[in-house]
Amino acid sequence: MEKKWSKQKLIFIPIAVLVFIAYISVTLNDPKEEQYNSSEEESKLEQTLSQIKGVGQVKVYFHYDVPSPNDSNSDSLLNGYLSSSENQQHVSGLLVVSEGASNPAIQKQLLETISRVMQMPTHRIMIVPMESKGDEQ
């Protein structure tokens, strides 16, 4: 009787561990939470940039790297759990729309500021003037 109980434990324990890992990987990789975090970061950057003299209203859009399907093995149950820290999305580009961007000096100041704050090369940052209500025809 003791050996039979031992075999049941040996079968039950790995199944319980796999279910636990699957549960954690599903709860950690919630796309709604990631979207919230990115929009929160965009909002923080917008608020900060709009405080610069002459910039005016600002909208910021992050562009993220899209991982290729070959980079991850979807057959492995443990893959998402073990590599979750490596699968974080990285901002690969920025689009900044600003009221003051029609002024070349403001545009240059925005470009240099964003490049330093985001630690991103300037060729990955696009700054364009915001269309004002009076510009519409």
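So, how was this worked out
- Residues numbered from 1 in each chain as written.
- Predicted model: local features only at pLDDT ≥ 70, side-chain atom pairs only at ≥ 80, totals over all residues.
- Heavy atoms only, no water.
- Phe/Tyr/Trp six-rings, centres within 6.5 Å; stacked < 30°, edge-to-face > 60°.
- Buried < 20%, exposed > 50% of the residue type's maximum accessible area, 1.4 Å probe, protein only.
- Helix = DSSP H or I, 4+ residues; strand = E, 2+ residues; numbered from the N terminus.
- Lys, Arg positive; Asp, Glu negative; His and termini not counted.
- Salt bridge = Lys/Arg side-chain N within 4 Å of Asp/Glu carboxyl O.
- Core = buried A, V, L, I, M, F, W, Y, C linked by side-chain atoms within 4.5 Å.
- Contact = heavy atoms within 4.5 Å.

*Asks:* Residue-level account of the packing of aromatic side chains, with values.
*Replies:* With the rule as written, the count across this model stands at one aromatic pair. On the basis of an interplanar angle of 80° and a centroid distance of 6.2 Å, the ring pair of Phe-62 and Tyr-64 is categorised as edge-to-face. Both residues of the pair, Phe-62 and Tyr-64, belong to the buried class.

*Asks:* Give me the side chain of Glu-42: which residues, what numbers.
*Replies:* Mapped onto the elements, Glu-42 comes out in helix α2 (residues 31–50). The buried charged residue Glu-42 lacks any salt bridge, with Lys-59 as its nearest oppositely charged partner at 8.2 Å.

*Asks:* Which residues make up the nonpolar core, and what are the values?
*Replies:* Grouped burial of nonpolar side chains is what soluble globular proteins tend to show. Leu-49, Val-60, Leu-94, Val-96, Ile-114 and Ile-127 are the most contacted members of the largest nonpolar core, which totals 16 residues. Those elements that place two or more of their residues in this core are α2, β1 (58–64), β2 (91–98), α4 (104–118) and β3 (125–129). No other element matches the four residues that β1 contributes to this core. Setting aside anything within four residues of it in sequence, one finds Val-96 in contact with Leu-49, Val-58, Lys-59, Val-60, Ile-114, Met-126, Ile-127 and Val-128.

*Asks:* Help me get a handle on unusual backbone geometry, residues and values and all.
*Replies:* Phi at Gln-119 is positive, roughly 50°, even though this residue is not glycine. Following the sequence through the fold, Gln-119 ends up in the loop between α4 and β3. Residue Gln-119 is classed as exposed on the basis of its relative accessible area of 74%.

*Asks:* How would you sum up the pattern of salt bridges? Please name residues and give values.
*Replies:* Inspection of every chain in the model, using the stated rule, returns two salt bridges. Here Glu-40 ties to Lys-44 by a salt bridge, and the two come within 3.8 Å at their closest N and O atoms. A residue pair is termed a helical-turn pair when its members lie 3 or 4 positions apart in one helix, as Glu-40 and Lys-44 do in helix α2 at four residues. You can call Glu-40 partly exposed: its relative accessible area is 29%. Looking at Lys-44, the relative accessible area reads 45%, which means it is partly exposed.

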